[in-house]
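As a plain string of letters, each chain reads:
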Amino acid sequence: MYLFNVGRDTLSESFFNCAEHTDVQCAMHVHFSIEVVYVNGGELVMNVNGSDRIINAGEATLILPFEPHSFLTKSHSVCLVTEFSPELTKEFYSAVKGRLISTEVFSLDGEFIDLLKKLSGVAEPDLLSVKAALYPLCFKLLEVCRFKGGGKKLDSTFLEVVKYINEHYTEELELTTVAKAIGVHHVYLSRMFSDNAGMGFLKYLSLLKVGKAAEKLLSEPEKNISEIALSCGFGSIRSFNRQFYDIFGTTPTEYRQKIKSTTVNLPF
């Protein structure tokens, strides 16, 4: 079983990461990057925006910025996961920005898959190689996917806010303190956050903190639940248990046990 590290900073304009994984499991999380998941073998179940997507060998799915999603392998899966900043393919992002994908699972093939495999695991790939793989990929995505209106439109101030939250989530964050740090009125920030993220400030903060905690529940088995809760910015174990249950529909203890046996219920 492999658990993703969801703590990377995906707000960088040059962010790119490609990796092949076997029997992947990943807690519910959100990020700014665009993500394409291609299944080489087996079957992968993803929960995106509250709906399950079952992806078989030769198929893929596209996840746009700030769409909550998780990974679950029930039996066996081999997949190629590519994440990249919208800034790397501005033309593609302009075409899909503010829209929702209606083609959730689709067949995917092309020489770009071999290029992505070559970039898999490369710590600092050169920009030319990255774009040589991403542009054919994005062209193919526009060809095989259908989109509709009603998606998320992101602005620069919102990205500043998200970056600040991601860097300070272990502190006692409130809407007013974040607004003051960014230099905007808290009422404006509240409205802007909902418009851009598709969820309220508190919901995003809870999702981020619970996602970090879910990762630590599996990657740090030597730590008890109280230690993990405090390390992720929860003021009390009671608050942590309540928020964890609201998102995953199970307690932290049950989650830790179930995910290890790959029978965990998907969030939302």
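Everything numeric in this text was worked out from a predicted model, so none of it was measured. (Residues numbered from 1 in each chain as written. Predicted model: local features only at pLDDT ≥ 70, side-chain atom pairs only at ≥ 80, totals over all residues. Heavy atoms only, no water.)

### What to know about the layout of surface pockets
Piece 1. Of the volumes computed, that of the second largest pocket is approximately 200 Å³.
Piece 2. Per-element accounting of the lining of the second largest pocket gives the leading share, 5 residues, to helix α7 (residues 201-219).
Piece 3. Looking at the lining of the second largest pocket residue by residue, the classes come out as 4 nonpolar, 5 polar and 4 charged. (1 Å grid on protein atoms, 1.4 Å probe; cavity = no way out; pocket = protein on both sides within 12 Å on 5 of 7 lines; lining within 4 Å. Points joined across faces, edges and corners; volume = space filled by probe spheres on them. Helix = DSSP H or I, 4+ residues; strand = E, 2+ residues; numbered from the N terminus. Nonpolar A, V, L, I, M, F, W, Y, C, P; charged D, E, K, R; others polar.)

### A look at the environment of Ser194
Piece 1. Within the fold, Ser194 resides in helix α6 (residues 186-197).
Piece 2. Setting aside anything within four residues of it in sequence, one finds Ser194 in contact with Met199 and Gly200. (Contact = heavy atoms within 4.5 Å.)

### Observations regarding the confidence of the model for the protein chain
Piece 1. Per-residue confidence for the protein chain averages 86 on the pLDDT scale, and 90% of its residues sit at or above 70.
Piece 2. Segment residues 1-7: pLDDT under 50, and 28 contacts once partners within four positions in sequence are set aside and those in other chains are kept.
Piece 3. Segment residues 262-268: pLDDT under 50, and 28 contacts once partners within four positions in sequence are set aside and those in other chains are kept. (pLDDT = per-residue confidence, 0-100.)

### What to know about the nonpolar core
Piece 1. In terms of nonpolar packing, the biggest core is built from 38 residues, with Ile165, Phe193, Tyr204, Phe244, Phe248 and Tyr255 touching the most fellow members.
Piece 2. Listing elements by their share of this core, those giving two or more residues are β3 (24-29), α4 (156-168), α5 (175-182), α6, α7, α8 (225-231) and α9 (237-248).
Piece 3. For this core, the element with the most residues is α7, which contributes 10 residues.
Piece 4. In contact with Tyr204, other than residues within four places in its own chain, are Val30, Phe66, Val162, Ile165, Asn166, Phe193 and Met199.
Piece 5. In terms of nonpolar packing, the next biggest core, distinct from the first, is built from 29 residues, Phe16, Tyr38, Phe112 and Leu116 among them. (Core = buried A, V, L, I, M, F, W, Y, C linked by side-chain atoms within 4.5 Å. Buried < 20%, exposed > 50% of the residue type's maximum accessible area, 1.4 Å probe, protein only.)

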